[in-house]
Amino acid sequence: DFKMDYKKDFPLLAESDIAYLDNAATEQRPACVLDAEREFYERWNANPLRGLYELGVEATEQYEHARERVARFVHAKSEREIIFTRNTTEGINLVAYSYALPQLKPGDEILVTIMEHHSNLLPWQMVARQTGAVLKFLECTQEGTLPDEVLEAAITEKTKLVAVAQVSNVLGCVNPVEKIVKLAHEKGAVVVVDAAQSAPHMPVDVTALDVDFLAFSGHKLMGPMGIGVLYGKEELLEKMPPFLTGGEMISSVTREGATYAKLPHKFEAGTVNAAGAAGLAAAIRYVEKIGFDTIMAKEEALTKRAMEGLKKVPHLHILGDEAPENHTGIVAFTIEGVHPHDVSEILSSDGIDVRAGHH
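Residues numbered from 1 in each chain as written. Predicted model: local features only at pLDDT ≥ 70, side-chain atom pairs only at ≥ 80, totals over all residues. Heavy atoms only, no water.

**Q** Help me understand the pattern of salt bridges, please; the structure alone is not making it clear to me.
**A** One side chain can pair with another of opposite charge once the charged atoms of both are near each other. Considering all chains together, one arrives at 17 salt bridges under this definition. Lys-105 is the partner of Asp-108 in a salt bridge, and the nearest nitrogen-oxygen pair spans 3.7 Å. What makes Asp-108 buried here is its relative accessible area of 7%. One salt bridge in this structure joins Asp-212 and Lys-233, with 3.4 Å as the shortest N-O distance. One end of the pair, Asp-212, is in the loop between α8 (206–209) and β7 (213–217); the other, Lys-233, is in the loop between β8 (228–232) and α9 (234–239), with 21 residues separating them in the sequence. Shared partners join several salt bridges into a network, and the residues in it are Asp-35, Arg-38 and Glu-42. (Salt bridge = Lys/Arg side-chain N within 4 Å of Asp/Glu carboxyl O. Buried < 20%, exposed > 50% of the residue type's maximum accessible area, 1.4 Å probe, protein only. Helix = DSSP H or I, 4+ residues; strand = E, 2+ residues; numbered from the N terminus.)

**Q** Would you explain the packing of helix α3 (residues 54–74) against helix α10 (residues 274–290) in this entry?
**A** Following both chains from N to C, one finds α3 and α10 inclined at 40°, their axes separated by 9 Å at the closest point. Two packed elements cross with a definite hand, and for α3 against α10 that hand is left-handed. Contact residues: Tyr-63, His-65, Ala-66, Arg-69, Val-70 and Phe-73 in α3; Ala-274, Ala-277, Ala-278, Leu-280, Ala-281, Ile-284, Arg-285 and Glu-288 in α10. In terms of residue class, the contact of α3 with α10 is built from 10 nonpolar, 1 polar and 3 charged. (Axes fitted to C-alpha atoms, helices over the stretch in contact; angles between N-to-C directions. Left-handed = near helix turned anticlockwise from the far one by under 90°. Contact = heavy atoms within 4.5 Å. Nonpolar A, V, L, I, M, F, W, Y, C, P; charged D, E, K, R; others polar.)

**Q** I would appreciate a short explanation of the state of the cysteines in the present structure.
**A** By definition, a disulfide links two cysteine residues through a covalent bond between their sulfur atoms. Inspection of every chain in the model, using the stated rule, returns 0 disulfides. Take Cys-173: it sits in no disulfide, and the sulfur closest to it among the cysteines is that of Cys-140, at 6.6 Å. (Disulfide = S-S within 2.5 Å.)

**Q** Any chance you could explain the pairing of β8 here in plain terms?
**A** Along any regular strand, the residues point their side chains to alternate faces of the sheet. Most of β8 sits out of view: 5 of its 5 residues are buried. Both strand β2 (residues 82–85) and β8 contribute to a ladder of 4 bridges, which runs antiparallel. Each bridged residue has a counterpart across the sheet, and for Phe-84 the counterpart in β8 is Val-229. Relative to β8, β7 runs antiparallel, the two sharing 5 bridges. Looking across to β8, one finds that Ser-217 is bridged to Gly-228. (Pairing = 2+ DSSP bridges.)

**Q** Is there a simple way to explain the sheet that holds strand β5 (residues 159–165) in this structure?
**A** Note on sheets: strands pair through backbone hydrogen bonds, and any given pair is parallel or antiparallel. The 7 strands are arranged β2-β8-β7-β6-β5-β3-β4 in an open sheet whose pairing can be described as mixed. With one partner strand each, in any of the chains shown, β2 and β4 (134–138) form the two edges of the open sheet. Across the sheet, the axes of successive neighbouring strands diverge by a mean angle of 20°, strand direction being ignored. Bridging between strand β3 (residues 109–113) and β5 involves 4 bridges; their strand directions are parallel. In the strand pairing of β5, Leu-111 is matched with Val-162. Most of the contacts of helix α5 (residues 122–131) go to β3, to which it runs at about 160°, and overall it touches β3, β4, β5 and β6 (190–194).

**Q** So what exactly am I meant to see when it comes to the nonpolar core here?
**A** Soluble globular proteins tend to bury their nonpolar side chains together. By size, the foremost hydrophobic cluster in this structure holds 68 residues, and its most contacted members are Phe-84, Val-211, Leu-214 and Phe-216. Counting residues in hydrophobic clusters, the runner-up holds 27 residues, among them Val-95, Ala-100, Leu-230 and Leu-263. (Core = buried A, V, L, I, M, F, W, Y, C linked by side-chain atoms within 4.5 Å.)

Below, the structure is given as structure tokens:
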């Protein structure tokens, strides 16, 4: 509903005059998310999966209910395919350490796009260094598109893993994940999708996309900081060794070793962020109540308005596509001869919060 005043749902925004435009980095939280996190600590505060007393059982139920909510949100076939992490970065690192390091060998190729967030680049640089695999880059056009001929030429028999953002955090363009998955699977490669910028802005269906792994963060989806999600195909996760070892990711321990817990707990060592998971479930409920149709239409209208205004500023260049609908709510720009940090500071003096930094 375009007429609704959503600002009143967000305590920090409702009580201040700032124009907060740094949502690609982290979104503000609606009251329902803050309430859900507090409610967990007030009503169910116990270690999930450990205590057999009533409070412990209820804490486990709340935690697993959040997992089921996430599984439905991304259309996973099973909640066993949903692993709670701290953020997208941890999810991608989990795949790098537990899948890529044991699998890749010298001469294998890892393919990433030139527009990746550091979190979907640095882990693959590490894997290449440690395994002898070769890191290759997919170049994009000025608009951020990845032409078919570029994809077809780059994905070969040597390609073992393709890492791609569904939506670029700089250009806002939506990458052709379905096409990439199809080409990669034809060559026997797996696809890791960074959905940090897509999950909050559009429907994500891991089953329809047929992705092997997909990660996103709660804090970019109006959920709490410190809770993220990694989706992985069950048959891949089953074969992978744990990322971290310690409490709760085991079923039994002897002096000599251990047998690991079943999915998804094999990848969730130590005390989990159960309150964060409850907050994330509340954020998903809030997003689904508004509906992606409304969110996408509102974002497109605001992006159009922003781009029309920015184009009137002399010496300003908007990065990416000319069309607002190809920006997913993200508008990156430069001003000739002015450092981005100065632009950010000047805007901040007028109560406008924008991101400036390494992109």
